[in-house]
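Residue strings, one per chain:
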Amino acid sequence: MSPDLESLLAAVVANPDDDTARLAYADCLQEHGNEPRAAFIRLQVEAERLHPHSNARAALEARAQALFERYWVEWWGEVCAAVGLPTGGPPAYQTAGYAAIACSPPVGFEHHRPSQFPVAFRRGFPESVAIPVLSVGPEPCGSYLARWPSVSPLTELIAVGPANDPRYEWPEGEHLRSVRRLTLVSHSFGTRDAVAYSAHLGALDHLTLGFSRWLRPLVATTTNLSIALALAPRLRHLSVPLNAGEFVEGLAATDPLPRLESLDLQLSSRLWHKPGPSPTELLAAAPLTGMRRLELQVLEPQDLGLLFRAPVWGALRHLTLDLEYSAETLKPFCRGNELAHLEELHLSGVQLTADTVRALVDAPRLKRVKHFALFGTHEGGNALLRLADAVDADRIETFAIGIPHFPERAANALRAKLGDRVRFLES
């Protein structure tokens, strides 16, 4: 690598948020004859600036994908050579290609098993790493991560597997200082303690805690709460895809997460057997005044109604609801006019019947959003022709449909009114 490229790469590693350094690195790559990698970096940087559901972003990502499919073996080989991994990686890489070493998880696959995306190139660089991908080498995982700055920033780490397995041992070290996003899947007490007491996670602000098959559900929930509380002062984003129960009670007890802006939580009152307030009531009363983004799996209609009556949700900008295919669950959302600042709404598990479409068209909240996404099923019929009336055509910027076998006539009606702002996502 030339001195100019080394200097620019050091700038990218030192400040991962700075696109200027990345684009300067791309310019230098082109000057040195590496046009494909330069173009790939520019495409990913430009795509990242656009909304995930925009057609313009999809076009940029498709071009980046085409380059990646052609050159990923070469680019991944450079990573392996720099960090000391066996060149070419395990045999699966040689046949799986993009499924193993990803540009970035496709839209709608953000919560897929991380092992399917062990290394993700984001904004041109392999900065998201799942620990299992490093277990192919003879050294501890931390040894390879310590060398990662020679090729890329390390901003996201995905720890999958039990901490008592040497292949997945927690890689404590200076290389963790740049990690902003951490995902723990199938973690054990050893991982919990290592993360909670790490001296190198000062930049961490985004934590995802996944299901642990090594712990009983109640123990796993308590373990997740203890990890979140240990890291609480720095967290802005928290995802806990487990039953709300004990976790919500812990959140509501004090103000443990003062900086929290984003929360992803499964919510179910019917699985709560303690006397006193339900998880929904606790969450509605929790002092989460800085919340801007909320993702909830809602299992009962009354849960949603309680939340919308809580004044704390008035500051929300982004709301994602998984409605578990319950038309009844959707009614509390459609009736009210709260959430005055809501700009983005994703509804999953929706059954698009004539009644559901009518409720969406009549919902005042929907007329304020700039970005709307629907995932679920449909019953067909002329009712779907009115879907475009659910939003304000002068305000909406993206309208995404993730519904299998969506009728072409209804799709054309959406396109006629909203044009290129409509995007049909692969199911």
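This one's a predicted model, so the numbers in the text were calculated from it and none came from an experiment.

About the thresholds
- Residues numbered from 1 in each chain as written.
- Predicted model: local features only at pLDDT ≥ 70, side-chain atom pairs only at ≥ 80, totals over all residues.
- Heavy atoms only, no water.
- Helix = DSSP H or I, 4+ residues; strand = E, 2+ residues; numbered from the N terminus.
- Buried < 20%, exposed > 50% of the residue type's maximum accessible area, 1.4 Å probe, protein only.
- Contact = heavy atoms within 4.5 Å.
- Areas by Shrake-Rupley, 256 points an atom, 1.4 Å probe, with all protein chains shown as cover.
- Phe/Tyr/Trp six-rings, centres within 6.5 Å; stacked < 30°, edge-to-face > 60°.
- Lys NZ or Arg CZ within 6 Å of the ring centre and 35° of its normal.
- Polar contact = N/O pair within 3.5 Å; in protein donor to acceptor, adjacent residues only side chain to side chain.
- Axes fitted to C-alpha atoms, helices over the stretch in contact; angles between N-to-C directions.
- Parallel < 35°, antiparallel > 145°, perpendicular 65-115°, else oblique.
- Left-handed = near helix turned anticlockwise from the far one by under 90°.
- Nonpolar A, V, L, I, M, F, W, Y, C, P; charged D, E, K, R; others polar.
- pLDDT = per-residue confidence, 0-100.
- Arc of directions from axis to C-beta.
- Expected span 1.5 Å × (residues − 1).
- Pairing = 2+ DSSP bridges.

What to know about the overall build of the protein chain
Of the regular secondary structure elements, the protein chain holds 14 helices and 14 strands. Classification of the 427 residues of the protein chain by burial places 53% in the buried group. For the protein chain, contacts bridging at least 24 residues in sequence account for 68% of all contacts bridging at least 6. Accessible surface computed for the protein chain: about 18,400 Å², of which carbon and sulfur atoms make up 52%.

Re unusual backbone geometry
A positive phi angle, close to 50 degrees, is found at Arg123, a residue other than glycine. The topology assignment puts Arg123 in the loop between strand E2 (119–122) and strand E3 (125–130). Judged by its relative accessible area of 13%, Arg123 falls in the buried class. Backbone geometry at His405 places phi at a positive 55 degrees, although glycine is not the residue there. Counting through the fold element by element, His405 comes out in the loop between strand E13 (398–402) and helix H14 (408–418).

Description of the packing of aromatic side chains
Evaluation of the coordinates by the stated rule reveals 9 aromatic pairs. Here the aromatic rings of Phe40 and Phe68 are separated by 5.6 Å at their centres, their planes lie at 35 degrees, and the arrangement is tilted. Residue Phe40 is located in helix H3 (residues 35–48), and its partner Phe68 is located in helix H4 (residues 55–83); the two are separated by 28 residues in the primary sequence. For the pair formed by Phe40 and Phe68, the shared burial category is buried. Taking the centre distance of 5.8 Å and the plane angle of 15 degrees together, the rings of Tyr71 and Trp75 count as stacked. In this pair, Tyr71 and Trp75 are both assigned in helix H4, 4 residues apart and thus about one turn of the helix distant. Joined through ring pairs, the aromatic side chains of Phe40, Phe68, Tyr71, Trp75 and Phe121 make up one cluster. Its guanidinium or amino end placed over the ring of Trp75, Arg37 lies 5.7 Å from that ring's centre, counting from NZ or CZ. Across from the ring centre of Phe125, 5.2 Å away, lies the NZ or CZ of Arg37, which sits over that ring.

Details of the environment of Ser178
By the secondary structure assignment, Ser178 is in the loop between strand E4 (156–160) and strand E5 (181–185). Distance from Ser178 to Val13, taken between C-alpha atoms, is 8.6 Å for residues 165 residues apart in sequence. When residues no more than four places from it in sequence are discounted, the contact partners of Ser178 are Leu154, Thr155 and Ala203. There is a polar contact of 2.6 Å between the side chain of Ser178 and the backbone oxygen of Leu154.

Remarks on the packing of helix H1 (residues 3–14) against helix H2 (residues 19–31)
When two helices pack together, their arrangement is given by the angle between the helix axes and by the axis-to-axis distance. Two numbers describe how H1 lies on H2: the axes approach to 9 Å, and their chain directions differ by 160 degrees. The pairing of H1 with H2 is recorded here as roughly antiparallel in orientation. As for how H1 packs across H2, the hand of that crossing is left-handed. For the pair H1 and H2, the contacting residues are Asp4, Leu5, Leu8, Leu9, Ala11 and Val12 in the first and Ala21, Arg22, Ala24, Tyr25, Cys28 and Leu29 in the second. Looking at the contact of H1 with H2, its residues break down into 10 nonpolar, no polar and 2 charged.

Re the confidence of the model for the protein chain
Of the residues in the protein chain, 73% reach a pLDDT of 70 or more, and the chain-wide mean stands at 81. Throughout residues 89–100 the model reports pLDDT below 50, and contacts reaching past four residues in sequence, or to other chains, amount to 27 contacts.

Brief notes about helix H13 (residues 354–362)
Restricting attention to buried positions, one finds in H13 the residues Thr356, Val357, Leu360 and Val361. Relative to the axis of H13, the buried residues are bounded by an arc of 135 degrees and lie together on one face. Of the residues in H13, the exposed ones pointing more than 90 degrees away from the buried face are Asp355 and Asp362.

Some details on H2
Each full turn of the α-helix corresponds to 3.6 residues, which orients residues three or four apart in the same direction. Helix length check: H2 (13 residues) gives 18 Å between terminal C-alpha atoms against 18 Å at 1.5 Å per residue, within 8%. Where H2 is concerned, the buried positions are Asp19, Ala21, Arg22, Tyr25, Ala26, Cys28 and Leu29. For H2, the secondary structure elements touched by its buried residues are H1, H3, E2 and E3. The backbone nitrogen of Thr20 has a side-chain oxygen 3.0 Å away, supplied by the residue at the start of H2, namely Asp18. Backbone geometry just after H2 places Gly33 at a positive phi near 90 degrees.

A look at the pairing of strand E10 (residues 318–322)
For E10, the tally of buried residues reaches 4 of 5 residues, placing the bulk of the element in the interior. Bridge count between E10 and strand E11 (residues 344–352): 5 bridges; the pairing is parallel. Residue pairing for E11: His318 is matched across the bridge by Glu344.

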